[in-house]
Amino acid sequence: EPEVTQTPSHQVTQMGQEVILRCVPISNHLYFYWYRQILGQKVEFLVSFYNNEISEKSEIFDDQFSVERPDGSNFTLKIRSTKLEDSAMYFCASWGSEQYFGPGTRLTVT
Amino acid sequence: AQSVTQLDSQVPVFEEAPVELRCNYSSSVSVYLFWYVQYPNQGLQLLLKYLSGSTLVKGINGFEAEFNKSQTSFHLRKPSVHISDTAEYFCAVSRTGFQKLVFGTGTRLLVSP
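Every value quoted in this text rests on a predicted model; they were computed, and no experiment measured them.

## Here we look at the side chain of B:Ser73
Tracing the backbone shows B:Ser73 in strand S9 (residues 73-78). Sequence-distant contacts of B:Ser73, that is, excluding residues within four places in its chain, are made with B:Cys23, B:Asn24, B:Tyr25, B:Glu66, B:Phe67 and B:Asn68.

And the structure:
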């Protein structure tokens, strides 16, 4: 069964550093998403991406965040200058008949 | 805008007992409704979804949910739970199938022997 994959599973970075979280969506899907889940809290939408552009973004997704589909398979989330409050689990998802979620990347900012 | 309320943060239940996890939503337009399960240290897995049609929706692992438009609810039920059902359950809504999901705060189901 096709699945969404994410790398790395865990990323530790220092405050102020740039991080790139990577996702490989299911191959024939056209809509892609990033969500985050701060420990103990609910899953929050960050951004959706379709036809090589952002289709919707939340208030969380400020200028420090960017997304890119650099090739036909990868979908990346970049945080330019990480803050302590960016520590969370980041989930990538892609849409076919429903949203399929990846296993997540746990980002720890120290 | 849509919102989801899961009133129970934690539901303890004994194995083989029935369980209901409550979900209420708010929206000015028609929505699609979903239940996702998250096992420890794993991603989100879709349990079931309501798009239209029959208000009783059956999902994986013996779960079912009933859409009630008048009460704006979408409660999740299972007639007999197993230890392996211990997980976090999230109710979510979206305006269409491909638009963003808005999640509730989750309900932790704790099944004990």
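## Thoughts on the interface of chain B and chain A
Buried accessible area, meaning the area lost when the parts come together, often serves as the stated size of an interface. In this complex, chain B contributes 16 residues to the contact, which on the side of chain A involves 16 residues. Interface area, chain B with chain A, both sides summed: about 1,500 Å², of which 57% is carbon and sulfur. On the surface where chain B and chain A come into contact, there are 2 salt bridges. Between B:Lys49 and A:Glu98 there is a salt bridge whose closest N-O contact spans 3.4 Å. Joining chain B to chain A, the criterion identifies 8 residue pairs in polar contact (both at pLDDT 80 or more). Secondary structure elements with two or more residues in the side of chain B that touches chain A: strand S5 (32-38) and strand S6 (44-50) of chain B.

## Structural notes on the environment of A:Tyr90
Residues and elements named next belong to chain A. With respect to the helices and strands, the residue tyrosine 90 is situated in strand S9 (residues 88-95). Take tyrosine 90: its relative accessible area is 0%, and that puts it in the buried class. Setting aside residues no more than four positions away along its own chain, tyrosine 90 makes contact with Gln6, Leu21, Trp34, Tyr35, Arg36, Leu46, Phe65, Leu77, Ile79, Gly104, Thr105 and Leu107. Polar side-chain contacts of tyrosine 90 include one of 2.7 Å to the backbone oxygen of aspartate 86.

Reading the values: rules and limits
Residues numbered from 1 in each chain as written. Chains lettered and ligands numbered in written order. Predicted model: local features only at pLDDT ≥ 70, side-chain atom pairs only at ≥ 80, totals over all residues. Heavy atoms only, no water. Helix = DSSP H or I, 4+ residues; strand = E, 2+ residues; numbered from the N terminus. Contact = heavy atoms within 4.5 Å. Buried area = accessible area lost by both parts, 1.4 Å probe. Salt bridge = Lys/Arg side-chain N within 4 Å of Asp/Glu carboxyl O. Polar contact = N/O pair within 3.5 Å; in protein donor to acceptor, adjacent residues only side chain to side chain. Buried < 20%, exposed > 50% of the residue type's maximum accessible area, 1.4 Å probe, protein only.

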